[in-house]
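Overview (structure and organization)
Single-letter residue listing:
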Amino acid sequence: MVKAVIIGFAHMHVNEIALYIHEAEGIDLVAAADVLPEIAEISPARYTREWNKENVRKNYCNNIYDSYEEMLDKEKPDIAFILCANVNKPRIVEACARRGVSVSIEKPIAVNFEEAKKIEETVKKYNIEAIVNWPVIWRGYMLDMINAYKSGIVGKLKKLYYINGHTGPLGAGAKHRGVSETAEEMTDEARKRTWWYQKKMGGGAFLDILCYGCMYSALLQTDEPLGVMAYGENLNTPYSDAEDNVTAIIRYPETVTVAEGTWTAPQKVLPAGPVIIGEKGVIYTVRKEGGADVLAVDMYGNPIEVKTSPLPDNMKNIAEHYMHSKRTGEPLTREVTLEQNMKVMALLDAAIRSGESHKEESVKK
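Now for a quick tour of the structure. Computed from a predicted structure; not experimentally measured.

**Thoughts on the overall build of the protein chain**
The helix and strand tally for the protein chain stands at 10 helices and 13 strands. When its C-alpha atoms are laid out on the principal axes, the protein chain stretches across 60 × 50 × 40 Å. Intrachain contacts of the protein chain at a sequence separation of at least 6 include 72% that bridge at least 24 residues. One way to put it: in the protein chain the 44 positive side-chain charges average out to a point 2 Å from where the 51 negative ones average out.

**Some points on the sheet that holds strand E13 (residues 291–298)**
In spatial order, the strands read E8-E9-E10-E7-E11-E12-E13; together these 7 strands make up an open sheet with mixed pairing. Of all strands in the sheet, those with a lone pairing partner are strand E8 (227–233) and E13, marking the two edges. When the angles between neighbouring strand axes are averaged without regard to direction, this sheet yields 15 degrees. Along the sheet, helix H10 (residues 338–357) makes contact with E8 and strand E9 (245–251), crossing E8 at roughly 55 degrees.

**Focus on unusual backbone geometry**
Put simply, lysine 107 and proline 108 share a cis peptide bond, and its omega is -15 degrees. Its identity is not glycine, yet lysine 76 carries a phi of approximately 50 degrees, on the positive side. Looking at the secondary structure, you find lysine 76 in the loop between helix H3 (68–75) and strand E4 (79–82). A positive phi angle, near 60 degrees, is found at histidine 358, a position not held by glycine. Note on placement: histidine 358 falls in the segment after H10. Here histidine 358 falls in the exposed class, since its relative accessible area comes to 53%.

**Some thoughts on the sheet that holds strand E1 (residues 2–7)**
One open sheet accounts for 6 strands, arranged E3-E2-E1-E4-E5-E6; its pairing is parallel. The open sheet has two edge strands with one neighbour each: strand E3 (64–65) and strand E6 (130–133). Sheet topology note: the strand E2 (residues 27–33)/E3 ladder contains 2 bridges and is parallel. If you follow alanine 33 over to E3, its bridge partner there is tyrosine 65. Packed onto the sheet, helix H9 (residues 318–328) meets E1, E2, E4, strand E5 (102–106) and E6 and runs at close to 150 degrees relative to E6.

**Remarks on the packing of aromatic side chains**
In total, this model carries 6 aromatic pairs according to the counting rule given. Where tryptophan 134 meets tyrosine 212, the ring centres are 5.6 Å apart and the plane angle is 70 degrees; that geometry is what we call edge-to-face. Separated by 78 residues along the polypeptide, tryptophan 134 in the loop between E6 and helix H6 (140–150) and tyrosine 212 in helix H8 (residues 205–220) bring together distant segments of the chain. Residue tryptophan 134 is classed as buried on the basis of its relative accessible area of 0%. The class for tyrosine 212 is buried, based on a relative accessible area of 6%. Each residue in the set Tyr197, Tyr239 and Trp263 is aromatic and connected to the rest through ring pairs, giving one cluster.

**Here we look at the side chain of serine 354**
Relative to the helices and strands, serine 354 resides in helix H10. Look at serine 354 and you get buried, because its relative accessible area is 0%.

**Comments concerning the nonpolar core**
Phe81 and Ile109 are the most contacted members of the largest nonpolar core, which has 128 residues in total. For this core, the element with the most residues is H8, which contributes 13 residues.

**Observations regarding helix H1 (residues 14–23)**
Taking burial as the measure, the 10 residues of H1 include 7 buried ones, the bulk of the element. Among the residues of H1, Val14, Asn15, Glu16, Ile17, Ala18, Tyr20 and Ile21 are the ones counted as buried.

**Quick notes on the environment of isoleucine 163**
Here isoleucine 163 lies in strand E7 (residues 157–165). The exposure class of isoleucine 163 is buried, given its relative accessible area of 14%. In the structure, isoleucine 163 is positioned 110 residues away from glycine 273 in sequence and 7.9 Å away in space, judged by C-alpha atoms. Residues within four places of isoleucine 163 in sequence aside, it is in contact with Glu260, Leu270 and Pro271.

**Re the pairing of E6**
Of the two faces of E6, the one holding Ala130 and Val132 and the one holding Ile131 and Asn133 are both buried throughout. As defined by bridge partners, E5 adjoins E6 across 4 bridges and the pair is classed as parallel. Bridge pairing in E6 links valine 103 to alanine 130. As a crossover connection, the stretch from E5 through helix H5 (residues 113–126) into E6 is right-handed.

**A look at the state of the cysteines**
Considering all chains together, one arrives at 0 disulfides under this definition. With no disulfide partner, cysteine 61 has as its closest neighbouring cysteine sulfur the one in cysteine 96, 15 Å distant. As a non-bridged cysteine, cysteine 84 has cysteine 96 as the owner of its nearest cysteine sulfur, 9.4 Å distant.

**Here we look at the pattern of salt bridges**
It is possible for side chains bearing opposite charge to pair when their charged atoms get close. Following the criterion strictly, the structure yields 22 salt bridges and no others. Two residues, glutamate 70 and lysine 74, come together in a salt bridge whose shortest N-O distance is 2.9 Å. Taken together, the residues span about one helical turn, with glutamate 70 and lysine 74 both in helix H3 at a distance of 4 residues. Assessed through its relative accessible area of 57%, lysine 74 is described here as exposed. A salt bridge links lysine 124 to glutamate 120; the shortest N-O distance between them is 3.8 Å. Separated by 4 residues within a single helix, lysine 124 and glutamate 120 lie in helix H5, roughly one turn from each other. The exposure class of lysine 124 is exposed, given its relative accessible area of 60%. Note on glutamate 120: relative accessible area 12%, which makes it buried. Linked through salt bridges whose partners overlap, the residues forming this network are Asp34, Glu41 and Arg49.

The rules behind these values
- Residues numbered from 1 in each chain as written.
- Predicted model: local features only at pLDDT ≥ 70, side-chain atom pairs only at ≥ 80, totals over all residues.
- Heavy atoms only, no water.
- Helix = DSSP H or I, 4+ residues; strand = E, 2+ residues; numbered from the N terminus.
- Contact = heavy atoms within 4.5 Å.
- Lys, Arg positive; Asp, Glu negative; His and termini not counted.
- Charge placed at Lys NZ, Arg CZ, Asp CG, Glu CD.
- Pairing = 2+ DSSP bridges.
- Axes fitted to C-alpha atoms, helices over the stretch in contact; angles between N-to-C directions.
- Buried < 20%, exposed > 50% of the residue type's maximum accessible area, 1.4 Å probe, protein only.
- Phe/Tyr/Trp six-rings, centres within 6.5 Å; stacked < 30°, edge-to-face > 60°.
- Core = buried A, V, L, I, M, F, W, Y, C linked by side-chain atoms within 4.5 Å.
- Right-handed = clockwise from strand over helix to strand, strands pointing away.
- Disulfide = S-S within 2.5 Å.
- Salt bridge = Lys/Arg side-chain N within 4 Å of Asp/Glu carboxyl O.

Rendered as structure tokens:
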């Protein structure tokens, strides 16, 4: 039996991660612990740190420690699922690695490329396994979309466009997997005191939302990026010092990615996945209840058949995928590997730097 722990209740994804571990065979959630915030939260509303902790305690694991280091020492887990504020990830990974504990890091891997390099060096130094979880890669329609592009039905990629968002992690009507109810009303002061709205803690739409566009770009674009130009602005979150809307243009020798992230639009009005524009046509998604349909058209607007297939059990979520790899020895999907996520972080890092400099920034290697 694989022994798992959770470190951090700051991220509302902790609720679905705990559920997935609970449901997967061969893995047991033996304990959980938080990482104390620099600024104490003042609301116990749904999806806040305290609410997440109580939800995990009530439904999945009542063995909650005050100290994650004490938990690691006493429980001696095989893997830790890290769901802390973005800025804390390198030190949490280091604490795990020193004890020989592998890690699953909730996206993105870090707040910038230098911090991601620290994680990479720690992983190599202590020879642990490190994976990065992207919730969208476990969606059946995303696998269909990627397979449709790889089949060649629209030819060579010429432009990738992606917009993703919601009304904010704790915004009006926000709903996160693993919980059936939407976010509760909160005051501006209560939201301000959560890490999501604090730039120094890794909050804001660059790291929360634009990271997905960078992930898709690193996955589907095959050439080396030439540079990134990005713009970020706070349009509707005056109590936050972080951007709530961001746009990035990633240049490649013969293609371009345009990626946007927003905290000011209901998720239902946005596409479910990227728009893949090829030489011969376009692949896109249309939302429907419980998922999305993948469609394609040629350059005249005529429909192109898209083959779909059931989502394999080993691609249902990060826990199922990890345990499938452990049981069979099959490699993990590329999207979760450390190597691939260093490429993603390099694009995101360039976008963040460009947002500050207002100039195109090069992509680090």
